[in-house]
Amino acid sequence: MKPVPFDYYAPRTVEEAARLLAEAAGGAAVLAGGQTLLPLLNLRMSQPLVLVDITRIPELKGIREAEGGLWVGAATTQNELLESPLTARLLPALARAVRHVGHHATRNRGTVGGSIALGEPAAELPATAVALGAEVETYSPRGRRRIPAREFYLAPYATVLEGDELVTGIRFPPWPAEHRPLFAELARRPGDFALVGVVGALAVAEGRVERAGLAWFAMGPTPVVARRAETLLQGAALADWDPAAVVEAALADTAPFDDHHASGEYRRAVGGRLLARALEEALGRREAA
Amino acid sequence: MSEHQIHLRINGLSWSGAVEARQSLADFLRERAGCTGVHLGCEHGVCGACTVVVDGRAVRSCLMLAVQAGGSEVVTAEGLAAPDGTLHPVQQALLEEHGLQCGFCTPGIVTTLAALTAPGRTPSEEELLAALSGNLCRCTGYQGIRRAVRRLARAVREVAS
Amino acid sequence: MKREPLQAAAVVAERPQAPVAPARTARYVGRRVPRKEDPRLLTGHGRYVDDVVVPGMFHVAFARSPVARGRIRRLETRPAREVEGVQAVFTQADLDRFPTTLVSFFFQPPDVPITPLARDRVVYAGEPVALVVATSRAVAEDAASLVEIEIDEEPPVVTLEDARHGPPVHPEKPDNINAELGDEEPDPELAAILDSAPLRLRHRVVHQRICQSPMETRGIVACPEGRDELTLYVTCQSPHLVARWVATALHLPETAVRVIAKDVGGGFGLKNHPWKEEVAVILAARLLGRPLKWIEDRYENLTTANQAREQEMTLDLAFDAEGRLLGAFGDYHLNVGAHPQLSECNVAVHMFLWPAYHLPRYGFISRGWYTNTVGYAAYRGPWAMESLIRETALDRAARRLGLDPVEIRRRNLVRRSELPVTTCLGMPVDDISPAECLERLLEYLDVAAFRREQEEARRAGRYLGLGIATYVEPTGAAGEMPVMTGELAQLRVDPTGQVVATLSTHSQGHGTATTMAQLIAEHLGARYEEVVVFEGDSSRGGFSPGAAGSRQAVVAGGAVILAAERLADRIRRIAAHLLGGEPNQVVLEEGRARLGERSLSFAEIAQVAYGEPKRLPPGMEPGLEVQHRYQPPPVTFSSAANACVVEVDTATGFVRILRWIVAEDCGVEINPAVVEGQVAGGLAQSIGMALLEEVVFDERGNVTTPTYKDYLLPTIFDVPEIEFLHVGIPSKAVGGMRGVGEGGAIIGTPTLVNAIADALAPFGELPVELPLTPPKLLAFIEGRSYAPRRRVAGDAASPGAAGEPAPVPARAEGGRRPGGGAARRGGRRLGHGDRHPHGGPADDRPLRDGRGTAFGLARKSRGAGRVRRRRRGKPVALRPGRGKARQDDPEVRPPGGGRRDLGQGQTGPARPGAGDRAAPVRATPDSAPARASARSAP
């Protein structure tokens, strides 16, 4: 299991990286942490002519508080995100999600930007970005873009990125300090892709949900925004909301798939239960206190 | 295919030379640097047998290119015991707890635990076990590995306190 | 002195006289001493086959069939040969220069001719078709992807059901039966018992296909050394058996074949002996005259290494009103693939169903079926279906009768006080202890307290279950099958005083260098630290099948004990002569021979024995070297009772194992840590079989679980902490050991299945169809049918998917890669599809369409031709067999000795069990057989 021959470049700037991608005219692959690309290369499922390693571009590294929210450089590793006190303080749902990405050793190489750009439908980080309303920052020779994560994914492994466009960072918007994180995932074994998962955040004030962000993973061809559930939750009174209706609404947006680990039907049935438990945990906790 | 000059340190010794772009760090360590303790169990990053320590962190050497390790400090299972043969505490714990049988997955377990219990780190038993969810062992049923983890977690706590 | 006999004729009778000197307490046997192997393995200094580098060595990759069945229309190797660095590309036409017979483990020729590379037809996906030799593995893979293979694809026979009704896998055969034994129907007496029984239970078990999946894959370095010598580094379970196998298979009696395997990363039956790829590499090395290395990659291992276990069995059982067994009939079917490593209908399943239980009458029919899948091979406890079906059936009967699972076992188990007994199939049983293991278990586990806890939990909506299973396991077999021999131990004290054993034991993690050293130190009076065991080289020691059939502790253990006692006897005689006394007054301890106040070290004695033979007792030959071949009893049984406690989450179908208790009688335990390691490792594999592991095929015969993200091995979180109770009744073999290698992999599965069935009993009787995945369990809990589908990749919501089909996810065109790059299909090298270049089928699908496997390796169905179905009325001929007979043994007779004839003209589907399963849904497009091409794009 050895990769096909390719040329390797490790540019130091995004401009150089984008130029290399453009020159390869579709024959290049961006190498970030490589925790998905390298298996595909080893299996010869991916056979690029050129690899552009973006992990040596200083601009793509780091975790910062920005615009009241959190900015994460594309080449930041998943464990750097997990270990950062900023993550746990500002976005506890993100902290919980990233803990479930692969295994300890793969998180030491795997990057946040790589996971976002790959668009694996069962992955935690794309769904988290979508749920929390993040923006994907990109660079191409035509300039920089900020693309809402909710508009970023088209299909499994397909995004709106252009061939010479590079993810440079993820910008998570601020959530109130007291917001309630929500995360639930079911996987066959620790570190496996989710059979089904749901992630989100709920901002609550004066007994009402002021803002809700909710997305599924492994419940469709892309991360699935539970828009109808978000609408139902928006403004719902904690004392008087209908969990069954929210779950039903959330499921209405999904298109779960079959694979040999689980049927779509299983994902739908169990996903609803996971979400019900997670909502109860997120919204019931404060009431009980 | 491009070739690249790299310089790195492997188990405390320096290595310089040219590597092909497509050569994985694992193949490089095995074939060029003589570290045959790096075992290839799957080459898709799931089994963990090829885990080595790069700049203090446990990584899959099958999921990293040799060229990417340029400038790094790499430690393999060969580089952990003292020059006089005294085993690293992780190795000693696995030995005493019968944490291995065929030994094929063992170097990856040793390096993963060694990186996580390096001086200054105080992982809990649960954290160590969570990390080992990425290391498959087909022989032991994990009983001795689990006992070794418990012993190591206790030891790092004692050192820390 | 008389020369030591090379081979002992008798067993215990010939033991050298035990020393009269004061008895010693055991110092090494029974202790958890650290393993001698470990410092090497822990520091990365193991020597596995891929670590072997030979000057001038080239590397091999295979081009493999992209389809499961068809005729090779065109095979073009020229583009591969033109790749820089390629030394040669061989096809079967090249290898035909050497006649080969891929014999079985029992050295019998196969039922159908098997060539190392496919010649005209391919019979399973991934079958090796061409062998590429290059300067590196990477270059060999580059070139292998350029081998052009064009095949007229035919619809394959994949499942057991396909095999019964589909066209013959091998056109020269009239049907798909590889081996069969037994009676089609219960005999009239058994039928009467079944018909009149107070409780009659028909219990069916479906066992999935398993990959043995050792962490080290298969591999070989083949070094031809001139015409007359061949050195092979092979990862295997016995260098001696492999050397014999290679010489036999390649017809090389005049060639010195030496097999070396220092460290082996697990075997589990897969590495019993080489198969096609290894043979092809050896032949290619001989053709080229250069050393060649082939290391199987994991994709190859999970798709094209021989596999195991896929079987179905129905047990028709009769009980009296108190739950006592009256009679049973077993109907057993095994999928042996296209080219099984042995012709097999697994008669051992029937032989070992009942030795632990009183059962008056049993009948069976057993068949092995050819399919267009990779061949059948051994896997730890190959007959394990007996425990799985019996123990799950007993629990089911207990529930029907309102008995506790413990009680139904107590009413049927054979107790030691009742021994000897003869099973209903005529097998004598004189030394088992399953009932005693069960009682030991029940002293430890408070079943009544668990039942109360279970009741309370159910009221709270939590489903706990207790599973109990008991069994006996035949171990250490010797003398009844040509390959299962005794064991030779060669032992010496070197002039340095170091004790050196040269053994034919072989460790794939068994730790024989440790346990054998413990026995030697114990019985020689040596220091454990000063005992060295050499093994893993067929040029040393004598023939033995190595690690197979849980035999090494029993057979090699006895051999080293007897050799050590002979050597001790000799040392005592020399010491007595040198010190002035009688041999029986000499005590050997800690590497010294003591006679009263005076003593000599082994080194001092050895220096005399080697260097000053004149000082030896008159007539004694120089040196301190002995050897002994031990022939143990024909079989030594181990017994065990296991219990586990689970909780099943009825919202998700997930199973959590809360406790696992083992009460094991493996006789004298040389090293309890090694024993527990063997048991726990087997149990982990059992857990894998019960819950996680499964080789899945699509309708075209492609494995859709080709990576470790699809084929799920148990992790540290899937195996609980195991509590051990050691029963330890010494066996009748020398040393009192019983084998323990396979038991965990046998008994764990029924224990866990019983626990899950117990937890879910409020929902009804759980069908035993492995693996019990969360979706399967949830469907059962919710009363839905679960139809595991042979998914056709690329076929969206295929029929058979329960419930309403989900919307078809959009296809991804040009999927992005990490970091937002655009490594797309359609690039220069993508013309021939996302296909593993030297293996596996072609595909033209995006990496993942939301339904694919983890790395998008699921395959797309293309052009499956029409399947012609026909009902066959073929007469079922009985092939003779005997006792533990293997079907490839031409000498075998039926069990019980008698010959029985089956009625002529019986049709297959008339059998019980055959109609239980609906015909599979198959795509049968009205097209002529499509041509599949693995050819690369121009």
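Residues numbered from 1 in each chain as written. Chains lettered and ligands numbered in written order. Predicted model: local features only at pLDDT ≥ 70, side-chain atom pairs only at ≥ 80, totals over all residues.

What is the right way to read the overall build of chain B from this model?
Helix and strand counts for chain B come out as 5 helices and 5 strands. Reading the secondary structure of chain B in the N-to-C direction produces β-β-α-β-β-β-α-α-α-α. The burial tally for chain B puts 66% of its 161 residues in the buried class. (Helix = DSSP H or I, 4+ residues; strand = E, 2+ residues; numbered from the N terminus. Buried ≥ 20, exposed ≤ 12 C-beta atoms within 10 Å, placed from the backbone.)

Help me out: how do you make sense of the sheet that holds strand S9 (residues 219-225) of chain C in this one?
Pairing between the strands of a sheet is mediated by backbone hydrogen bonds and can be parallel or antiparallel. Residue and element names in this part refer to chain C. Within the open sheet, the 7 strands sit side by side as S3-S5-S1-S12-S9-S10-S11. Their pairing is mixed. Each having just a single partner strand, strand S3 (86-91) and strand S11 (256-260) make up the two edges of the open sheet. In this sheet, adjacent strand axes meet at a mean angle of 25 degrees when their direction is disregarded. Where helix H4 (residues 137-144) meets the sheet, its contacts fall on strand S1 (58-64), S3 and strand S5 (128-134), and the angle it forms with S1 comes to roughly 25 degrees. Along the sheet face, helix H7 (residues 239-249) touches strand S10 (229-234) and S11 and points at about 145 degrees away from the line of S11. (Pairing = 2+ DSSP bridges. Axes fitted to C-alpha atoms, helices over the stretch in contact; angles between N-to-C directions. Contact = placed C-beta atoms within 7 Å.)

How should I be thinking about the domain arrangement of chain A in this particular structure?
Many descriptions give the size of an interface as the accessible area lost when the pieces come together. Residues and elements named next belong to chain A. What the domain assignment lists for chain A is domain 1 (7-53), domain 2 (58-172) and domain 3 (180-288). Of note, the centres of domain 1 and domain 2, computed from C-alpha atoms alone, are 18 Å apart. Contacts between the two partners involve 12 residues from domain 1 and, on the opposite side, 19 residues from domain 2. Ranked by residues supplied to the side of domain 1 that touches domain 2, first place goes to helix H1 (residues 14-24) with 5 residues. Residues belonging to the side of domain 1 that touches domain 2 are distributed by class as follows: 7 nonpolar, 5 polar and no charged. (Domains from an automatic or database assignment. Nonpolar A, V, L, I, M, F, W, Y, C, P; charged D, E, K, R; others polar.)

I'm lost on H1(A) in this one. Help?
For an α-helix the count is 3.6 residues per turn, leaving residues at separations of three or four pointing the same way. All names here are of chain A. Buried within H1 are the following residues: Val14, Ala17, Ala18, Leu20, Leu21 and Ala24. Taken end-on, H1 shows its buried residues confined to a sector of 155 degrees, consistent with a single buried face. Packing partners of the buried residues in H1 comprise strand S1 (7-9), strand S2 (28-31), strand S3 (50-53), strand S6 (135-140) and strand S10 (166-172). At the exit of H1 stands alanine 25, carrying a positive phi of roughly 50 degrees. (Arc of directions from axis to C-beta.)

Could you clarify how one ought to interpret the pairing of strand S21 (residues 531-534) of chain C in this entry?
Note on strand geometry: in a regular strand, side chains alternate between the two faces of the sheet. Residue and element names in this part refer to chain C. Burial along S21 is one-sided: Val531 and Val533 are buried, while Val532 and Phe534, pointing the other way, are not. Both strand S20 (residues 499-503) and S21 contribute to a ladder of 4 bridges, which runs parallel. Looking at S21, one finds that alanine 501 is bridged to valine 533. With helix H15 (residues 512-524) bridging S20 and its parallel neighbour S21, the resulting β-α-β unit is right-handed. (Right-handed = clockwise from strand over helix to strand, strands pointing away.)

What is the right way to look at H15(C) in this model?
Residues and elements named next belong to chain C. Compared with an ideal rise of 1.5 Å per residue, which puts 13 residues at 18 Å, H15 spans 17 Å between its outermost C-alpha atoms and is within 8% of the ideal. Counted residue by residue, H15 has 13 buried out of 13 residues, so it is predominantly covered. Two residues or fewer after H15 comes glycine 525, characterised by a positive phi angle close to 75 degrees. (Expected span 1.5 Å × (residues − 1).)

Which parts of the structure should I look at to understand the domain arrangement of chain B?
Residues and elements named next belong to chain B. Under the domain assignment used here, chain B contains domain 1 (3-79) and domain 2 (89-160). On a C-alpha basis, the centroid separation for the pair domain 1 and domain 2 is 21 Å. On the domain 2 side, the residues contacting the 16 residues of domain 1 number 14 residues. Of all the elements in the fold, those that place two or more residues in the side of domain 1 that touches domain 2 are strand S3 (51-54) and strand S4 (57-60). Per element, the largest residue contribution to the side of domain 1 that touches domain 2 is 3 residues, and it comes from S3. Looking at side-chain class alone, the side of domain 1 that touches domain 2 contains 8 nonpolar, 7 polar and 1 charged residues.

Sorry, what's going on with the environment of Pro291(C) here?
Residues and elements named next belong to chain C. Its place among the elements puts proline 291 in the loop between helix H8 (276-288) and strand S12 (292-295). Looking at proline 291, the number of C-beta atoms within 10 Å reads 20, which means it is buried. C-alpha separation for the pair proline 291 and arginine 204, spaced 87 residues apart in sequence, amounts to 50 Å. Ignoring sequence-local partners within four residues, the contact set of proline 291 consists of Val54, Gly56, Met57, Val221, Ala222, Cys223 and Ala285.

Would you explain the interface of chain A and chain B in this entry?
With 24 residues of chain A at the interface, the matching set in chain B holds 25 residues. Of all the elements in the fold, those that place two or more residues in the side of chain A that touches chain B are S1, helix H2 (37-42), S3 and helix H6 (104-107) of chain A. Within the side of chain A that touches chain B, the residues separate by chemical class into 11 nonpolar, 8 polar and 5 charged.

What should I look at first to understand the environment of Phe724(C) in this one?
Residues and elements named next belong to chain C. Here phenylalanine 724 is to be found in strand S28 (residues 722-726). Among the residues examined, phenylalanine 724 registers 15 C-beta atoms within 10 Å and is labelled partly exposed. It is 43 Å that separates the C-alpha atoms of phenylalanine 724 and arginine 573, two residues lying 151 residues apart in sequence. Residues contacting phenylalanine 724, with those up to four places away along its chain left out, are Val662 and Glu676.

Which parts of the structure should I look at to understand the packing of H15(C) against helix H16 (residues 552-579) of chain C?
Relative orientation and spacing of two packed helices are given, respectively, by the angle between their axes and the distance between those axes. All names here are of chain C. Interhelical geometry of H15 versus H16 gives an angle of 35 degrees and a closest axis separation of 8 Å. The crossing of H15 and H16 is right-handed. Residues Thr512, Thr515, Met516, Leu519, Ile520, His523 and Leu524 of H15 lie in contact with H16, whose contacting residues are Gln552, Ala553, Ala556, Gly557, Val560, Ile561, Ala564, Glu565, Leu567 and Ala568. Residues of the contact of H15 with H16, tallied by class, amount to 11 nonpolar, 5 polar and 1 charged. (Left-handed = near helix turned anticlockwise from the far one by under 90°.)

Looking at this model, I keep getting lost on the packing of helix H11 (residues 385-401) of chain C against helix H12 (residues 405-412) of chain C. Mind explaining?
Residues and elements named next belong to chain C. The N-to-C vectors of H11 and H12 enclose an angle of 110 degrees; their axes lie 8 Å apart at closest approach. Classified by the angle their axes make, H11 and H12 are roughly perpendicular. In the crossing of H11 with H12, the sense of the turn from one axis to the other is right-handed. Taking contact as the criterion, the partners of Leu394, Asp395, Ala397 and Ala398 in H11 are, on H12, Pro405, Ile408 and Arg409. Class assignment for the residues of the contact of H11 with H12 results in 5 nonpolar, no polar and 2 charged. (Parallel < 35°, antiparallel > 145°, perpendicular 65-115°, else oblique.)

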